[in-house]
Amino acid sequence: MGQKAATFPKDTLKQMKNHYKDHLEATPEWAIFRAKTNNAVITAYQSGKVLFQGSRPDLEFKKWISQSSIQKEINHKERKSTLQHHFHPPETLFSRNHIGSDESGTGDYFGPITTCAVYVKEEQITLLKEIGIQDSKNLTDEKIKELSKHIIEIEVPYSLMILHNEKYNQLQKQGWSQGKMKTMLHASCISSLIKKIADAPYEGIIIDQFCMPDIYEKHLTSERKKIDDKTFFITKAENYSIAVAAGSILARASFVKEMDRLGQLIGTPLLKGASSKVDQLIANIIRKKGEQILPSIAKLHFANTKKAHKYL
Ligand code: MN
């Protein structure tokens with residue numbers, strides 16, 4: 001079963017009803033007409049919206065969607081793919097001096113979001129690979145702690161930021177999406193790192209892609225900031241860039257440390273993630289400490305907050 005939908009002008013709806021006059025069926029409430037062909041069931045609503053559902057809805061849909069709107073759709077797609085292409089890092093960048101940035105904690109109900117940008121010099125890349133720097137998602141908390149110490153020992157410049165829960169919840173209430181928070185965190189880490197390394201040359205900045213580059217730029221513009229010309233985005237960036245991988249480890253290590261600290265603070269170890277086990281833990285914490293503790297340890301807008309009340 002496929003489905004297509006679009007909104008059409010009144011004239012087109014009239015033409016449609018006439019075109020399908022031999023296929024009309026009982027008209028549902030709120031609809032202008034319903035027709036059934038071998039390809040699809042076509043339902044036209046009073047709002048102008050028309051739904052094509054069935055085995056081959058495209059065949060009916062194509063008859064009505066005008067050439068100009070198809071053209072628009074294609075142009076939009078083309079624009080998106082050029083954007084992707086334009087921000088895609090050149091292959092050579094991964095083996096040169098570059099900056100990489102990654103974040104942690106975005107999918108976890110408890111704890112902050114941490115972000116870290118790392119500057120890696122060409123000659124450090126082999127060493128970092130040798131000590132086992134890789135995507136933090138494949139590593140245990142213990143291994144992450146150990147590797148983060150290594151990274152700091154070999155004096156790789158980095159800039160780390162923690163968005164604590166109070167501030168996170170405040171921004172969220174102001175209407176900031178998590179995407180905007182991440183954007184501003186990455187951008188702050190990167191600019192403070194660039195200040196730190198002063199005149200050290202870098203060929204580019206790689207951000208582990210969490211949204212379309214044009215959205216990233218839009219968030220920056222909304223806070224009157226500009227994107228660095230040499231910024232590139234790629235998904236699963238930690239697999240390509242050792243700087244992003246190192247950033248992912250430092251960000252995760254900081255997140256793990258914050259989770260330990262918050263757990264000690266409230267006298268209950270906190271769970272990562274956002275599963276139903278987290279819901280039960282929230283209920284326990286509310287019982288022990290009251291709901292007023294949550295804004296300082298959790299991302300309140302997650303569905304878990306509501307779900308926890310089932311257990312109370
Ligand atoms: Mn990431």
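Values in this document were obtained by computation on a predicted structure and should not be read as measured data.

## As for the packing of aromatic side chains
Right, on to step 1. Counted under the stated rule, the structure contains nine aromatic pairs.
Right, on to step 2. Considering the side-chain rings of Tyr-216 and Phe-233, the 4.9 Å spacing of their centres and the 70 degrees angle between planes classify their relative orientation as edge-to-face. Pair noted here: Tyr-216 is in helix H8 (residues 213–222) and Phe-233 is in strand S10 (residues 231–234), with a separation of 17 residues, a long-range link. Each member of the pair, Tyr-216 as well as Phe-233, is classed as buried.
Right, on to step 3. An aromatic cluster is present here, built from Phe-87, Phe-210, Tyr-216 and Phe-233 joined pairwise through their rings.
Right, on to step 4. Above the face of the Tyr-158 ring, Lys-196 is positioned so that its terminal group lies 5.3 Å from the ring centre.

## Description of the side chain of Thr-183
Right, on to step 1. The topology assignment puts Thr-183 in helix H7 (residues 178–196).
Right, on to step 2. Judged by its relative accessible area of 0%, Thr-183 is buried.
Right, on to step 3. A polar side-chain atom of Thr-183 sits 2.7 Å from the main-chain carbonyl oxygen of Gly-179.
Right, on to step 4. Ignoring anything within four residues of it in the chain, the contact list for Thr-183 reads Phe-210, Tyr-216, His-219 and Leu-220.

## What about the coordination of the manganese ion?
Each donor-metal-donor angle would ideally measure 109.5 degrees in four-coordinate tetrahedral geometry, or 90 or 180 degrees in six-coordinate octahedral geometry.
Right, on to step 1. Bound to the manganese ion on the protein side are Asp-102 (OD) and Asp-208 (OD), at distances that span 2.0 to 2.2 Å. You can see Asp-102 sitting in strand S6 (residues 98–104) and its partner Asp-208 sitting in strand S9 (residues 205–208), a full 106 residues away along the chain.
Right, on to step 2. Relative accessible area serves as the criterion here: at 3%, Asp-102 is assigned to the buried category.
Right, on to step 3. Under the relative-accessibility criterion, Asp-208 is labelled buried at 11%.

## Brief notes about the sheet that holds S10
To summarise the sheet geometry, strands pair through backbone hydrogen bonds and adopt either a parallel or an antiparallel arrangement.
Right, on to step 1. Strand order in this open sheet of five strands is S8-S7-S6-S9-S10, and the pairing throughout is mixed. Where the open sheet ends on each side, the last strands, each with one partner, are strand S8 (158–163) and S10. On average, adjacent strands in this sheet sit at an angle of 20 degrees to one another, irrespective of strand direction.
Right, on to step 2. As paired elements, strand S7 (residues 113–120) and S8 share six bridges and run antiparallel to each other.

## A word on the layout of surface pockets
Any space left empty among the atoms is revealed by the rolling of a water-sized probe across them.
Right, on to step 1. If you add up the space inside the largest pocket, you get close to 300 Å³.
Right, on to step 2. Lining the largest pocket are 17 residues; nearest its centre among them are Asp-102, Glu-103, Ser-104, Ser-136 and Lys-137.
Right, on to step 3. Looking at the lining of the largest pocket, the elements that each hand over two or more residues are S6 and helix H9 (242–266).
Right, on to step 4. Considering each element in turn, the lining of the largest pocket owes the most residues, three residues, to S6.
Right, on to step 5. Class assignment for the residues of the lining of the largest pocket results in one nonpolar, seven polar and nine charged.

## Focus: the environment of Lys-257
Right, on to step 1. By secondary structure assignment, the location of Lys-257 is in helix H9.
Right, on to step 2. Once the C-alpha coordinates of Lys-257 and Lys-145 are considered, the two residues, 112 residues apart in sequence, prove to be 8.7 Å apart.

## Examining the sheet that holds strand S1 (residues 2–7)
Right, on to step 1. Read from one edge of the open sheet, five strands run S1-S5-S4-S3-S2, paired in antiparallel fashion. At either margin of the open sheet sits one strand with a lone partner, and together these are S1 and strand S2 (24–25).
Right, on to step 2. Across four bridges, the pairing between strand S4 (residues 41–45) and strand S5 (residues 49–54) is antiparallel. Looking at the pairing, Ile-42 lines up with Phe-52 of S5.
Right, on to step 3. Across the sheet, helix H1 (residues 10–19) touches S2, strand S3 (31–36), S4 and S5, and the angle it forms with S3 is around 40 degrees.

## Considerations on the nonpolar core
Right, on to step 1. If you look at the biggest cluster of nonpolar residues, it comprises 44 residues, and the most contacted ones within it are Phe-110, Tyr-216 and Ile-297.
Right, on to step 2. Broken down by secondary-structure element, the contributors of at least two residues to this core are S7, helix H6 (165–173), H7, S9, H8, H9 and helix H10 (276–289).
Right, on to step 3. Among the elements that make up this core, the one with the highest residue count is H7 (seven residues).
Right, on to step 4. Residues contacting Tyr-216, with those up to four places away along its chain left out, are Thr-183, His-186, Ala-187, Ile-190, Ile-207, Phe-210, Cys-211, Ile-227 and Phe-233.
Right, on to step 5. One finds Leu-128, Leu-147, Ile-242 and Ile-249 within the second-largest nonpolar core, a separate group that totals 19 residues.

## Points about unusual backbone geometry
Right, on to step 1. Of note, Glu-155 is a non-glycine position whose phi angle comes to about 55 degrees, a positive value.
Right, on to step 2. Mapped onto the secondary structure, Glu-155 falls in the loop between helix H5 (141–153) and S8.
Right, on to step 3. Notably, Lys-236 is not glycine yet its phi reads approximately 55 degrees, a positive angle.
Right, on to step 4. By the secondary structure assignment, Lys-236 is in the loop between S10 and H9.
Right, on to step 5. Under the relative-accessibility criterion, Lys-236 is labelled exposed at 56%.

What counts, and at which threshold
Residues numbered from 1 in each chain as written. Predicted model: local features only at pLDDT ≥ 70, side-chain atom pairs only at ≥ 80, totals over all residues. Heavy atoms only, no water. Phe/Tyr/Trp six-rings, centres within 6.5 Å; stacked < 30°, edge-to-face > 60°. Helix = DSSP H or I, 4+ residues; strand = E, 2+ residues; numbered from the N terminus. Buried < 20%, exposed > 50% of the residue type's maximum accessible area, 1.4 Å probe, protein only. Lys NZ or Arg CZ within 6 Å of the ring centre and 35° of its normal. Polar contact = N/O pair within 3.5 Å; in protein donor to acceptor, adjacent residues only side chain to side chain. Contact = heavy atoms within 4.5 Å. Donors = N, O, S within 2.8 Å, 3.2 Å for Na, K, Ca; no water. Pairing = 2+ DSSP bridges. Axes fitted to C-alpha atoms, helices over the stretch in contact; angles between N-to-C directions. 1 Å grid on protein atoms, 1.4 Å probe; cavity = no way out; pocket = protein on both sides within 12 Å on 5 of 7 lines; lining within 4 Å. Points joined across faces, edges and corners; volume = space filled by probe spheres on them. Nonpolar A, V, L, I, M, F, W, Y, C, P; charged D, E, K, R; others polar. Core = buried A, V, L, I, M, F, W, Y, C linked by side-chain atoms within 4.5 Å.

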